[in-house]
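Chain by chain, the residues run as shown.
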Amino acid sequence: MSDLVKIKNALISVYHKDNLEPIIKRLSELGVGIFSTGGTQSFIEKLGVSVTAVESLTSYPSILGGRVKTLHPKVFGGILSRRETESDVAQLEEYDIPEIDLVIVDLYPFQETVASGASDGDIIEKIDIGGISLIRAAAKNYNDVLIVPSRDAYGGLLKILESESGSSTLSERKRMAKEAFAISSGYDTAILNYFGGSAGAENKSTKPMNGLSTNSTSLRYGENPHQEAVFLGDLDAMFEQIHGKELSYNNLLDVDAAVNLMNEFSDTTFAILKHNNACGLASRDSLVDAWNAALAGDSVSAFGGILITNVEVDGETATEIDKIFFEVIIAPSYSDEALDALKAKKNRRILIQKDVELPKKLVRTVLNGMLEQDKDLNMETSADMETATELTPTDEQKRDLAFANKLVKHSKSNTIILAKGMQMMASGVGQTSRVDALEQAIAKATKFGFDLTGAVMASDAFFPFPDCVEIAHKAGISAVIQPGGSIKDKESIEYCNANQVAMVFTGVRHFKH
């Protein structure tokens, strides 16, 4: 049996009417019966399209100032009825309830109302009751009903209406149901946050506690082509994309890592990332010098990487960048000359980063549940460095130590960063032992021709044994920054004292998994 379901009747109840007109006209062309209420009904009537008021279906008017409009068995019966269940079909006939095969909803803008500083009364009135109920009912019955849960999905609906002549497939209905429940979850969590959530009674954040937005965008695929993926969030609030293909799942992971890393730097800085880790980063007086120094850190890994800077990209820098293949570039702005150079390749994703406050919580799924933690917002400065050795680092070494410590915080554990002159020389990341991470970093620095004499080393966690400081010293490292806290710290300190290596403790670990 075909899984196609012909759309015979549609219920439309939306807050935003943008881009709704072509859908209404297409439904009319297909002979679909349309039920609607209030402002949506008026909008449809002005288009000259026939529409039946929900009040005519239910024989009840909209009451309580519009609080109750669609909450009626004649509406929800038509949505929730199982087309293959004889008793359901019989009851629809008995009570004269039409089957509803398509539900289009766009919820009241609760989060936007909170963000506007509106009164409590106005905010409460923007808690959608009927709309969220319609979304959940239609999504639950995805076997027979297509749910369109927000205006962001209007374009996808129009494609379905045009490609299948008014029918939807089971895979389409299931995909839309998944998006619908994501929106429902985010919307309800935003309301919970308004009432205090887990952060206390005074927290009226407009961000859901699970970090998800009510906006939902389907991606081409996930980490691999066989995995489905959805982005829950508002990318338009974060970036203006002025060129290139849409961002992929892996792009978004790298862009997130890039943005969080660059937020640590105020000097003119350029970074290159690959698989969520920096493979090159440098701070310089001029952007082109920062770019060249960052690229020198690992010109091989830079191929296909994510580029980010914290200042406007100029024409000279763009000309140099144009010489390599990269996926995404992020900057606060671009000169006209820079855009002329960067747009030469049609698929390059060029993003302008907007000033947006990022979430202060991290959420990930684990086993059959979720973990939530505070984001690692600690960043130690020279004032937080406790000299553990007889030799105190120079001011120049302290600058490099602080520089390397920023990088180590944003690299996968176990990790070691080697740096000199505000330039990342090499990293060892994601290793199961700290010695392996250090040896990987030294090998990379040697491969790319760096002289480690006078360089500094940063570690995301303490050294359990003195072997790391010994290996680093023999490679030329002259100063070390680490959290400290090992029961064998004394052995590392003694080695450093005996070999004129300066070492500072921060007291703060920066694991990243």
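Structure report, in brief. Position numbers for residues start from 1 in each chain and track the written sequence from start to end. In keeping with the predicted nature of the model, local features appear solely for residues at pLDDT of at least 70, side-chain atom pairs appear and are counted solely at 80 or more, and the whole-chain, interface and lining totals rest on all residues. The side-chain numbers reported here are obtained from all heavy atoms of the structure, hydrogens and water having been left aside.

With that settled, consider the sheet that holds strand β20 (residues 424–428). Sheet strands line up and pair through hydrogen bonds in the backbone, either parallel or antiparallel. By this definition, two strands are paired if DSSP reports at least two bridges between them. By the criteria applied, helices consist of DSSP H or I runs no shorter than four residues and strands consist of E runs no shorter than two, each listed in order from the N terminus. Read across the open sheet, the 6 strands follow the order β18-β23-β22-β21-β19-β20; overall the sheet is mixed. Of all strands in the sheet, those bounded by a partner on one side alone are β18 (386–387) and β20. Pairing geometry for strand β21 (residues 456–459) and strand β22 (residues 479–482), over 3 bridges, is parallel. Among the inter-strand pairings, A458 is bridged to a residue of β22, identified as I481. Strand contacts of helix α16 (residues 395–409): β19 (416–419), β20, β21, β22 and β23 (502–505), with the helix running at about 35 degrees to β21, the strand carrying the most contacts. Here, two residues are considered to be in contact whenever any of their heavy atoms come within 4.5 Å of each other. Axis lines are fitted to C-alpha atoms, over the contacting stretch for helices. Their N-to-C directions set the angle, which ranges from 0 to 180 degrees.

In this section: the sheet that holds strand β12 (residues 277–283). The 6 strands are arranged β10-β15-β14-β13-β11-β12 in an open sheet whose pairing can be described as mixed. One side of each edge strand has no neighbouring strand; the edge strands of this open sheet are β10 (239–243) and β12. Each neighbouring strand pair of the sheet contributes to a mean axis angle of 20 degrees, computed without reference to strand direction. The pairing of strand β13 (residues 305–309) with strand β14 (residues 326–331) spans 4 bridges and is parallel. Within the sheet, the bridge partner assigned to I306 lies in β14 and is V328. Most of the contacts of helix α12 (residues 249–262) go to strand β11 (residues 269–274), to which it runs at about 150 degrees, and overall it touches β10, β11, β12, β13, β14 and β15 (349–353). Its contacts with the sheet put helix α13 (residues 287–296) on β11, β12 and β13, and the angle it makes with β11 is roughly 30 degrees.

To qualify as a nonpolar core, a set must consist of buried Ala, Val, Leu, Ile, Met, Phe, Trp, Tyr and Cys residues joined through side-chain atoms within 4.5 Å. To sort residues, take the accessible area from a 1.4 Å probe on protein chains only and compare it with the maximum for the residue type: under 20% means buried, over 50% means exposed, and anything in between is partly exposed. Counting residues in hydrophobic clusters, the biggest one holds 54 residues, and the most contacted among them are L27 and I104. Here this core takes 8 residues from helix α10 (residues 170–194), the largest share from any one element. Those residues in contact with I104 that lie beyond four places of it in its chain are L11, I12, S13, V14, I23, L27, V148, Y154 and L157. Ranked by size, the runner-up nonpolar core spans 38 residues in total, among them A257, L407, A419 and I481.

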